[in-house]
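What follows is each chain in one-letter form.
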Amino acid sequence: MGVGRSYCVALVGLNGYIVEVEADIGQTLPNFVILGLPDASLNEAKERIRSAAQNSGIPLSRRKITANLIPASLPKRGSGFDLAITMAVLRAANDIREIGGTVFIAELGLDGRLRPVRGILPAVMAAVQAGYPDIVVADSNAVEAALVPGAKVRGYKTLARLAFDFGADPKDLALDYNPLDADAPDEDDDVAATMPDLCDVSGQGEARRALEVAAAGGHHMLLTGPPGAGKTMLAERLPGLLPDLADTAAMEVTAIRSLAAVQSSTVRLVRRPPFENPLHSATAAAIIGGGSGLPRPGAASRAHRGVLFLDEAPEYERRVLDALRQPLESGELVIHRSAGTAAYPARFQLILAANPCPCGKASGKGMDCTCTAMMRRRYFGRISGPLLDRVDIQLQVERVSLADFGHAGEEEDTRIVAERVLAARERQLERLLAMGLETNSQVPGRTLRGELRLPPGTTRILDTALERGTLTARGYDRVLRLAWTLADLAHSDTPDMDHIGQALGLRQAAAAT
């Protein structure tokens, strides 16, 4: 007997690291030891592996088994190491032939079934990037794993069938066991999802225009107005205006969904931008990410390349809202815990909705409002100034009038507006691709004041606002980004004074009320 070796993948956030599994069978009393910083669920693998091997007709040695997961300094968590440890032990006992560089990722059932694990897509991506394209997974994970270009994926239902294909003696193997495919993935909910249509929104011409601008340039937006004005309806229709995700972005979104899902249900690349709408009672861990041990992705990461909508924004904890300032600038969330640090992509569009006051009746003349001026300031002040400064569009949404209902059915639908958004995105991409950017919202300030600098006469109104202190330097850049988006929607090569004025109005409308 020698040392058996196999390979698996340890995930830290969305980053995967190849783990070499060594197995040695000693000459002492029966025991099973797993080394290499395993967590509780991985330590429990010892009993799962023994029972699965016994019920598959290929029992483990009754001597001391030592499994070492390399690198030993990297924390390992989850049940995805079960199969790799089993194959290394079987190889150490010469029950199977040489494994080579095959990577094994699956959980074992006590009856010998190979069960799916979440995070299979980022794990396979990491293995392929590290030069290990041969992957063995549970049959229920095979379709998802095959989404990774260059991966040579084999899916198995049982340990017995896998051991047979790797040279185990078929005499005692339970090859006739054919479990029901209870873990088959469901249909991707992307297929069945019906996107709400923009034509359902009555009136609100200015808000509809602002939504189009936000979709075209990837801008963040704040909608302030009384209850029933249509703020939530507008926000829910933003994903329908966004273009389909490109291959790289779709892979990122699908990988996050794979990691966050309770059970693997991804059967194809997610092409539509995601939409996350957490309740205002959600904790920081639910929105930003966290949890015990290594942190898991929250709603902000699940909204990557899509929309994060926070309805009744002032009702959220202030520390939760302020924690969004980092991803709004960098497009990434880095979460530090004692068990390790995880980085998740979080480049989303933030849509905030808020009432003008606690009772919600302070819009218009505000005659029915019972809130004092102090109550209004305290209520809206829960959204910090630094966060608001990062929101490009700040719009006051008024109540829908009777005249708006009289024109119901005459508004443009999502398809028409989405075509204009797509055309504007294509103009942006043509201009920004050489800089490694995709949308106007990503253009850094130095570029706006450098390669994309506008004539002084065009930006005079902005220069005056900056000098008077009514506009911050960050706000100055964000108005310029809005102006470029307005120019793209108007098929103009560069923004003019009219576009600058419209952009400034979109940013200051809510602040002026």
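This structure is a prediction, so every number in the text was calculated from the model and none was measured. (Residues numbered from 1 in each chain as written. Predicted model: local features only at pLDDT ≥ 70, side-chain atom pairs only at ≥ 80, totals over all residues. Heavy atoms only, no water.)

With respect to the overall build of the protein
The number of helices and strands found in the protein is 23 helices and 18 strands. Taking all 513 residues of the protein together, the buried fraction comes to 51%. Taking the contacts inside the protein whose residues are at least 6 apart along the sequence as the reference set, 73% of them involve residues at least 24 apart. Between the averaged position of the 57 positive side-chain charges in the protein and that of its 62 negative side-chain charges there is a distance of 6 Å. (Helix = DSSP H or I, 4+ residues; strand = E, 2+ residues; numbered from the N terminus. Buried < 20%, exposed > 50% of the residue type's maximum accessible area, 1.4 Å probe, protein only. Contact = heavy atoms within 4.5 Å. Lys, Arg positive; Asp, Glu negative; His and termini not counted. Charge placed at Lys NZ, Arg CZ, Asp CG, Glu CD.)

As for the packing of aromatic side chains
The full count for this structure, using the stated rule, is three aromatic pairs. The interplanar angle of 45° and the centroid separation of 5.0 Å between the aromatic rings of tyrosine 7 and tyrosine 132 together place this pair among those described as tilted. Linking tyrosine 7 in strand β1 (residues 3-12) with tyrosine 132 in the loop between α4 (120-129) and β8 (134-138), this pair joins segments that are 125 residues apart in sequence. Given the relative accessible area of 23%, tyrosine 132 is considered partly exposed. (Phe/Tyr/Trp six-rings, centres within 6.5 Å; stacked < 30°, edge-to-face > 60°.)

Considering the nonpolar core
Leu83, Ile85, Met87 and Ile105 are the most contacted members of the largest nonpolar core, which has 77 residues in total. Sorting elements by how many residues they give to this core places helix α3 (residues 82-92) first, with eight residues. Ignoring sequence-local partners within four residues, the contact set of isoleucine 85 consists of Ser6, Val21, Phe32, Ile34, Leu42, Ile49, Ala67 and Leu69. Ranked by size, the runner-up nonpolar core spans 48 residues in total, among them Met221, Val307, Val421 and Leu486. (Core = buried A, V, L, I, M, F, W, Y, C linked by side-chain atoms within 4.5 Å.)

Some points on the sheet that holds strand β17 (residues 349-354)
Hydrogen bonds along the backbone pair up the strands of a sheet, which may run parallel or antiparallel. Spatially, five strands are ordered β11-β14-β17-β10-β18 in an open sheet, and the strand pairing comes out parallel. The sheet terminates laterally at β11 (275-276) and β18 (393-396), the two strands that pair on one side only. As paired elements, strand β10 (residues 221-224) and β18 share four bridges and run parallel to each other. Within β18, the position partnered with leucine 223 by the bridge is leucine 395. (Pairing = 2+ DSSP bridges.)

Digging into the environment of lysine 46
Position of lysine 46 among the secondary structure elements: in helix α2 (residues 45-55). The spacing of lysine 46 and isoleucine 351 is 305 residues in sequence and 47 Å in space, taken between C-alpha atoms. For lysine 46, the residues in contact, after removing those within four places along its chain, are Phe32, Val33 and Ile34.

Digging into the pattern of salt bridges
Under the definition given, this model contains 31 salt bridges. For glutamate 212, the salt bridge goes to arginine 420, with nearest N and O atoms at 2.8 Å. Separated by 208 residues along the polypeptide, glutamate 212 in helix α8 (residues 205-217) and arginine 420 in helix α19 (residues 414-432) bring together distant segments of the chain. A relative accessible area of 4% places glutamate 212 in the buried class. In this structure, glutamate 412 and arginine 420 form a salt bridge, with 2.8 Å as the shortest nitrogen-oxygen distance. (Salt bridge = Lys/Arg side-chain N within 4 Å of Asp/Glu carboxyl O.)

Let's talk about the side chain of lysine 76
Following the sequence through the fold, lysine 76 ends up in the loop between β4 (64-70) and α3. The buried charged residue lysine 76 lacks any salt bridge, with aspartate 39 as its nearest oppositely charged partner at 10 Å. A polar atom in the side chain of lysine 76 sits 2.8 Å from the backbone oxygen of glycine 36. A polar contact is formed between the side chain of lysine 76 and the backbone oxygen of proline 71, at a distance of 2.6 Å. When sequence neighbours within four positions are dropped, the list of residues in contact with lysine 76 reads Ala10, Val19, Gly36, Leu37, Pro38, Asp39, Leu42, Leu69, Pro71 and Phe81. (Polar contact = N/O pair within 3.5 Å; in protein donor to acceptor, adjacent residues only side chain to side chain.)

Overview of the environment of leucine 350
Mapped onto the elements of the fold, leucine 350 is located in strand β17. Residues leucine 350 and aspartate 392 lie 42 residues apart in sequence; the distance between their C-alpha atoms is 9.9 Å. Apart from the residues within four sequence positions on either side, leucine 350 is in contact with His220, Met221, Leu308, Leu310, Leu324, Leu328 and Leu387.

With respect to unusual backbone geometry
With an omega of 5°, the peptide bond between isoleucine 70 and proline 71 qualifies as cis. Looking at the element boundaries, proline 71 is found in the loop between β4 and α3.

Concerning the confidence of the model for the protein
Per-residue confidence for the protein gives a mean pLDDT of 88; residues scoring 70 or more make up 91%. Predicted confidence in the protein is weakest over helix α7 (residues 189-192), with a mean pLDDT of 43, and strongest over strand β5 (residues 103-105), with 97. Overall, residues 182-193 carries pLDDT values under 50, and its contacts beyond four positions in sequence, including any with other chains, amount to 23 contacts. (pLDDT = per-residue confidence, 0-100.)

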